[in-house]
Amino acid sequence: MKKGIMTGISLLAGFAGGAATVGTVMKRTGSLTNKQSDLYQSCYNIVSQWLTCKQRGISLDKYFKKKRYYSIAIYGMGRLGSMLYDELKDTDIEIRYAIDQDAYCTCPGLKIVEPDDKLDKVDAIIVTPVLVYDEIQKKLSDKTDIPVISIEDVVYGL
């Protein structure tokens, strides 16, 4: 158990440090656009809060249990989506599938569907591309009545 927590903390810390470093270096060289800068800052803030929760012994599955979301889909399997999957895969929260237009996910056994595919019923869809959450939420709300939640709401809702 402790080894798993330490691994998770190390992953989160590495991601946060890497994102901050890349953002700082690229900003100094002038090759970072405002959108990229916003993305790095947003991801850094989320991962920083996530790490703070982990250090206090609070896992993300607590949020889902509190909201009674026991089966979820993850929208976006980039870095944050993969980290969310890793965080929840050995908990009581069932990750039924992932939604991603670039189905390159390396999560063995995880079903990947594209955003335009039919979405199986789950308790909630968690969106990890935070900068385009509003667009994704609107698109999914037109398609399904499943609650669509930002990873930010999960991390800051603990």
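Read on for a plain summary of the structure. If you're wondering where the values come from, they're calculated on a predicted model, not measured in any experiment.

Cut-offs used in this document
- Residues numbered from 1 in each chain as written.
- Predicted model: local features only at pLDDT ≥ 70, side-chain atom pairs only at ≥ 80, totals over all residues.
- Heavy atoms only, no water.
- Helix = DSSP H or I, 4+ residues; strand = E, 2+ residues; numbered from the N terminus.
- Buried < 20%, exposed > 50% of the residue type's maximum accessible area, 1.4 Å probe, protein only.
- Areas by Shrake-Rupley, 256 points an atom, 1.4 Å probe, with all protein chains shown as cover.
- Salt bridge = Lys/Arg side-chain N within 4 Å of Asp/Glu carboxyl O.
- Arc of directions from axis to C-beta.
- Contact = heavy atoms within 4.5 Å.
- Polar contact = N/O pair within 3.5 Å; in protein donor to acceptor, adjacent residues only side chain to side chain.
- Pairing = 2+ DSSP bridges.
- Right-handed = clockwise from strand over helix to strand, strands pointing away.
- Axes fitted to C-alpha atoms, helices over the stretch in contact; angles between N-to-C directions.
- Parallel < 35°, antiparallel > 145°, perpendicular 65-115°, else oblique.
- Left-handed = near helix turned anticlockwise from the far one by under 90°.

So, the overall build of the protein chain
On a plain count of helices and strands, the protein chain comes out with six helices and five strands. Split into buried and exposed, the 158 residues of the protein chain put 42% on the buried side. On the protein chain, roughly 9000 Å² of surface is accessible, and the fraction owed to carbon and sulfur atoms is 49%.

What to know about the pattern of salt bridges
Applying the stated criterion to the full structure yields nine salt bridges. Among the salt bridges present, the one from Asp145 reaches Lys121, with a minimum N-O distance of 3.7 Å. Taken together, the residues Asp145 in the loop between helix 5 (133-143) and strand 5 (148-150) and Lys121 in the loop between strand 3 (112-113) and strand 4 (124-127) connect sequence positions 24 residues apart. There is no split in this pair, since Asp145 and Lys121 are both exposed.

Some words on the environment of Glu94
Following the sequence through the fold, Glu94 ends up in strand 2 (residues 94-99). Between the C-alpha atoms of Glu94 and Tyr70, which are 24 residues apart in sequence, the distance is 6.1 Å.

Concerning helix 5
Every buried residue of helix 5 is listed here: Tyr133, Ile136 and Leu140. Buried residues of helix 5 fall within an arc of 70° about the axis and therefore sit on the same side. With respect to the buried face of helix 5, the exposed residues turned more than 90 degrees away are Asp134, Glu135, Lys138 and Asp142. Residues of helix 5 that are buried in the fold lie against strand 1 (71-75), strand 4 and strand 5.

Describing the side chain of Thr128
Along the chain, the position of Thr128 falls in the loop between strand 4 and helix 5. Among the polar contacts listed, one links the side chain of Thr128 to the backbone oxygen of Gly76, at a separation of 2.8 Å. The residues contacting Thr128, other than those within four sequence positions of it, are Ile74, Tyr75, Gly76, Leu80, Gly81, Leu84 and Ile151.

Describing the pairing of strand 1
Burial within strand 1 is extensive, with five of its five residues counted as buried. Side-chain alternation along strand 1 places Ser71, Ala73 and Tyr75 on one buried face and Ile72 and Ile74 on a second face that is also buried. Pairing of strand 1 with strand 2 involves five bridges; the strand directions are parallel. Directly across from Ile74, in strand 2, lies its bridge partner Ala98. You can see the chain leave strand 1, run along helix 4 (residues 79-88) and come back into strand 2, and the turn it takes is right-handed. Sheet topology places strand 1 next to strand 4; four bridges connect them, and they run parallel. By the bridge assignment for strand 4, Tyr75 is matched with Val127.

Examining unusual backbone geometry
Excluding glycine, most residues fall at negative phi; most peptide bonds, likewise, are trans. Backbone geometry at Arg68 places phi at a positive 65°, although glycine is not the residue there. Tracing the backbone shows Arg68 in the loop between helix 3 (61-67) and strand 1. Note on Arg68: relative accessible area 67%, which makes it exposed.

Observations concerning the packing of helix 2 (residues 34-55) against helix 4
Relative to each other, helix 2 and helix 4 sit at 15°, their axes nearing to 12 Å. With respect to helix 4, the axis of helix 2 lies roughly parallel. Helix-helix and strand crossings are classified by hand; for helix 2 and helix 4 the assignment is left-handed. From helix 2, Cys43, Ile46, Val47, Trp50 and Lys54 reach across to helix 4, where they touch Leu80, Met83, Leu84 and Glu87.

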